[in-house]
Structure formats: C-alpha cells, structure tokens
Amino acid sequence: MRPDFHQLVDDYYQPLYRFALSLSKNEADASDLVQQTFSLWARKGHQLRDATHAKAWLFTTLRREFLGTRRKAERFSDEPATDDDATMAPGQAESLDAAEVMEALQKLPLEYREPLTLFYLKDLTYQEIADVLEVPIGTVMSRLSRAKSRLRDFFKENA
Amino acid sequence: MPEPYSETDAVIARKLAEIKPPADLRARLLAIEAPAEAREPGWWGVGISAAAAAIIAAFALLSMFGPDAGSVDPATAYFARFLSGPFRLEMTASNLPEVNSWLQSQDRSMQVPRSFDDQTLIGCRKVSWRGHEGALVCFKMEGGGIAHLVMFPTDEMPGPSEPQFAAAGEWDRAIWSSDGITCMLFAPHGRMPEILPVATAQRDRKIASSIRRSRALVFSKSVSGRPRISSPV
C-alpha cells in the first residue's frame, strides 16, 4: 500500500531537511532539496514496489538531487565545486549549539559528511545508510569511523 | 562491527535534532500533494462543468485581492507559499535570450513571453508541480519589490485565454495562457496593475483588451491604496 503523503511529510521532512542542510550548507537550498524530493515522490512514488522502502527512497532521492545540482553548478561555474578544507575550526561538542554542530558537520568532506549526518539523524540503519549512499555497508562503517575520528579531533583540538 | 555509541555521539545527535526547518516548509510540502491522492478535475478548474466554473469564477472575482481571500486553486496556493519562503535561483541573468537558452539547456521547452523584454530580470530556476515541469522567472519591479512568472506548457496545465485573478498569501496572481504557455504571474498584493499590462500588452490583443477591462473593473484603488473590486462582474 502506498504510504499517505501527509504522513510521509510529517515523519521525514525534518530529518530530510537536516540531511539536506548538511549537504547544501544553506537553508534555501536545503528547503529546495526537500521540496524537490517530495515533488518527485508525488510524481514517482507510486512506482516503488515496497512501501516500506519509502524512507530510504526519500533520502536516496534527496542525495541524488543534491549531487545532480552540484554537478550542474560545476558545469556553470569556472571553479569546480569543492568541499571546504577538512581542517575544522575550534569548538567542543558539549559547548556548541545546534548550528555550530551543523557547521562542524558541513566542514567535513562530503564522503564523510553524508554517512555521519545520516548516522546522527538516527532514522536509518547501517544497511539503509549504505543503500542511500549506494555503497557497501563496510564502506559506510569505515567512512563513519574516519568521520567520527575527524570530528573527535576537532573537538579535542578545541577543548 | 560498528563503533559503540558514545556520549559525544549522543550529544551531537541531540544537537542535530534541535535544528528546525523553516516554519513554512511543512505547509509548502503538504501543498504539493500526491496526484493520485488529490486529483482534482483540473489543476486550475479545467475540466469542471461550465456552470461550476462560472460560479467559481464569480466567487474568485468577488474574493480576489482581499486580505482574507478564500481558498485558491492548489497550484496557486503552492506557488504562493513557495515564493514566500526561501528558494534558490539556478541562474541569474539580465536578458531574456540568456534565460531562454538556459531553459532550453534544462529541457524546459517554454520561452519567456517577449512582452517581458523590458522587465528587469533577476534570474530563473526550474519548478515542478504534481509532476509537471515548469520554470520560474523573477523580475524586479519598478519602485521595489519582486514579481514572479511561473510558466508551464499549456498542454499539461491549461489556462484561460484571458487573464484571471486570485489572491493567495502575500501575492496577487494572474493566470492566462497563450502560445502554448500557461503563465502565472505573481505580484505583491496590490501591485498587479503595475506589471500585468506591461507583461502582456504587446503579446495579444485579446489579452490586452481583457486587461483593460480587468483594470477598469478591478483595479480601482481604495483609500488605503489596496486594490479592491469596484464593480464585480
């Protein structure tokens, strides 16, 4: 059975927005990504054979939309869209506010930022994170480990 | 094996959960709706009986432009919310050929009507509504403010041959269809008269004549400066 559209919005628009914000690094783009994701669901969601995969479908679609936009941005720009340098500014987890935590995540390279944000959102299992990122679960584990290590270094450096 | 969930993990997860989306995002998402769940007879009223259309049109005329305008068609409601929230332009441009060539590169076959030539462009982006793919072009208005033109292929989203009006949120909306494009023009409340004639006057005598009639009927100013209906049809 197809999940109720309103229920899907209520269940997932907030974690999707947080994931989008960590990817796009600004509110307008994050809102756009979430809207585009639900627009695509309205158009194509019925093609999903297993309704229990709706959550993974939404996160996967949002990520693909982000990557597509990013590629187009590279095409229209003289400079390739690169991630910020992985070196992070001072801070400590406990003393940071929510925005600063998001900023710290946003400073990670994309390959670490994606699994780590999804991990902290706590909406997806490791296998679902692997499905969303379209990589093996072992890759998710190793990227998560490195990503957390980078984040720990960041917090330690700034203790 | 996954690493154990640490105290730091818990703190970061908690702080991440504190980040709230923009207040109106949920409403904007709900306005999208799923086509299978919310299939109206037509997106803007197309497909309903002529009698029902006449009643709705009369109601729309009576209620348009007022701050308490009643419910509008789902597409207008959706784009009114969309335009009021933060959104991203995919390209900035100062002339129509640039915009039109970008739209073509994005598989949007529609072209901005030439009557918008004299408008000060800001930029554009792709939009979609219920699976229909369209484009949004933003213009600076003389005297400040921004007007937005939303375009869809008429064969997918038919529109009236003469402009029709509604109010939604902070916007007044005009909709008309010509040359295979359905145009929805959004201007800040009370400012449609400034841009609609300019935008459509050169385009189509029929439309221009309708605008003149609409202006005579609709755009008389109240004492407060807000437009109101002086002679509803």
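A quick note: this is a predicted structure, and the numbers were derived from the prediction, not measured.

About the criteria used
- Residues numbered from 1 in each chain as written.
- Chains lettered and ligands numbered in written order.
- Predicted model: local features only at pLDDT ≥ 70, side-chain atom pairs only at ≥ 80, totals over all residues.
- Heavy atoms only, no water.
- Core = buried A, V, L, I, M, F, W, Y, C linked by side-chain atoms within 4.5 Å.
- Buried < 20%, exposed > 50% of the residue type's maximum accessible area, 1.4 Å probe, protein only.
- Contact = heavy atoms within 4.5 Å.
- Buried area = accessible area lost by both parts, 1.4 Å probe.
- Salt bridge = Lys/Arg side-chain N within 4 Å of Asp/Glu carboxyl O.
- Polar contact = N/O pair within 3.5 Å; in protein donor to acceptor, adjacent residues only side chain to side chain.
- Helix = DSSP H or I, 4+ residues; strand = E, 2+ residues; numbered from the N terminus.
- Nonpolar A, V, L, I, M, F, W, Y, C, P; charged D, E, K, R; others polar.
- Pairing = 2+ DSSP bridges.
- Axes fitted to C-alpha atoms, helices over the stretch in contact; angles between N-to-C directions.
- pLDDT = per-residue confidence, 0-100.

Within the largest apolar cluster, 79 residues are counted, with the highest numbers of intra-cluster contacts made by V34, F38, L116, L118 and Y120 of chain A together with F79 of chain B. The next biggest cluster of nonpolar side chains, apart from the first, holds 28 residues, and it includes M110, C124, L149 and L196 of chain B.

Taken together, the contact between chain B and chain A spans 42 residues of the former and 47 residues of the latter. In this assembly, chain B packs against chain A so that about 4,000 Å² is buried in total across both faces, 61% of it on carbon and sulfur atoms. Applying the counting rule to chain B against chain A returns three salt bridges. In this structure, D32 of chain A and R125 of chain B form a salt bridge, with 2.3 Å as the shortest nitrogen-oxygen distance. At the boundary of chain B and chain A, one finds seven residue pairs in polar contact (both at pLDDT 80 or more). Among the secondary structure elements, those contributing two or more residues to the side of chain B that touches chain A are helix 1 (7–17), helix 2 (25–32), helix 4 (74–84), helix 5 (96–105) and strand 2 (120–129) of chain B. In terms of residue count, helix 1 of chain B provides more of the side of chain B that touches chain A than any other element does, eight residues in total. By residue class, the composition of the side of chain B that touches chain A is 24 nonpolar, five polar and 13 charged.

Of all eleven residues making up helix 4 of chain B, eight are buried, and the element is well covered by its neighbours. Taken residue by residue, helix 4 of chain B has A75, T76, A77, Y78, F79, A80, F82 and L83 of chain B as its buried positions.

Turning our eyes to something else, we now look at the sheet that holds strand 6 (residues 171–178) of chain B. Residues and elements named next belong to chain B. Spatial strand order, 1-2-3-4-7-6-5: seven strands in an open sheet with antiparallel pairing. Lying at the two open borders of the sheet, with one neighbouring strand each, are strand 1 (91–92) and strand 5 (164–168). Note that strand 4 (residues 146–153) and strand 7 (residues 181–188) share six bridges and pair antiparallel. Looking at strand 7, one finds that F152 is bridged to T182. Each of strand 2, strand 3 (132–140), strand 4, strand 5, strand 6 and strand 7 is contacted by helix 4, which is oriented at about 130 degrees to strand 2, the strand it contacts most.

All names here are of chain B. For strand 7, the tally of buried residues reaches eight of eight residues, placing the bulk of the element in the interior. Side chains of strand 7 alternate between two faces, with I181, C183, L185 and A187 and T182, M184, F186 and P188 buried alike. Pairing of strand 6 with strand 7, which is carried by eight bridges, proceeds in the antiparallel orientation. Counted as the bridge partner of W176 is C183 from strand 7. In sequence, strand 6 turns back onto strand 7 through a hairpin of two residues, with D179 there showing a positive phi of about 55 degrees.

All names here are of chain B. In this structure, strand 2 lies alongside strand 3, joined through nine bridges in antiparallel fashion. By the bridge assignment for strand 3, T120 is matched with K140. Taking the residues that link successive antiparallel strands as the turn, the strand 2-strand 3 hairpin has two residues, and the phi of R130 there is positive, at about 50 degrees. The pairing of strand 3 with strand 4 spans six bridges and is classified as antiparallel.

Moving on: helix 6 (residues 126–133) of chain A. Each α-helix winds once per 3.6 residues, and so residues spaced three or four apart point in a common direction. Three or more residues of helix 6 of chain A are buried, namely E128, I129, A130, V132 and L133 of chain A. Backbone geometry just downstream of helix 6 of chain A places E134 of chain A in the positive-phi region, at approximately 55 degrees.

Attention now goes to the environment of E128 of chain A. Residue and element names in this part refer to chain A. As for its position among the elements, E128 is in helix 6. Between the C-alpha atom of E128 and that of W57, which follows or precedes it by 71 residues, the distance is 9.8 Å. Apart from residues lying up to four places away in sequence, E128 is in contact with K55 and D123. In this structure the side chain of E128 is engaged in a polar contact, spanning 2.9 Å, whose partner is the backbone nitrogen of T125.

Detailed conclusions should not be drawn from predicted coordinates in areas where pLDDT is low. Residues and elements named next belong to chain B. Here chain B averages 72 in pLDDT, while 67% of its residues score no lower than 70. Contacts of residues 45–70 to residues separated by more than four positions or lying in other chains number 30 contacts, the stretch itself having pLDDT below 50. In the model output, the complex is listed with pTM 0.59 alongside ipTM 0.82.

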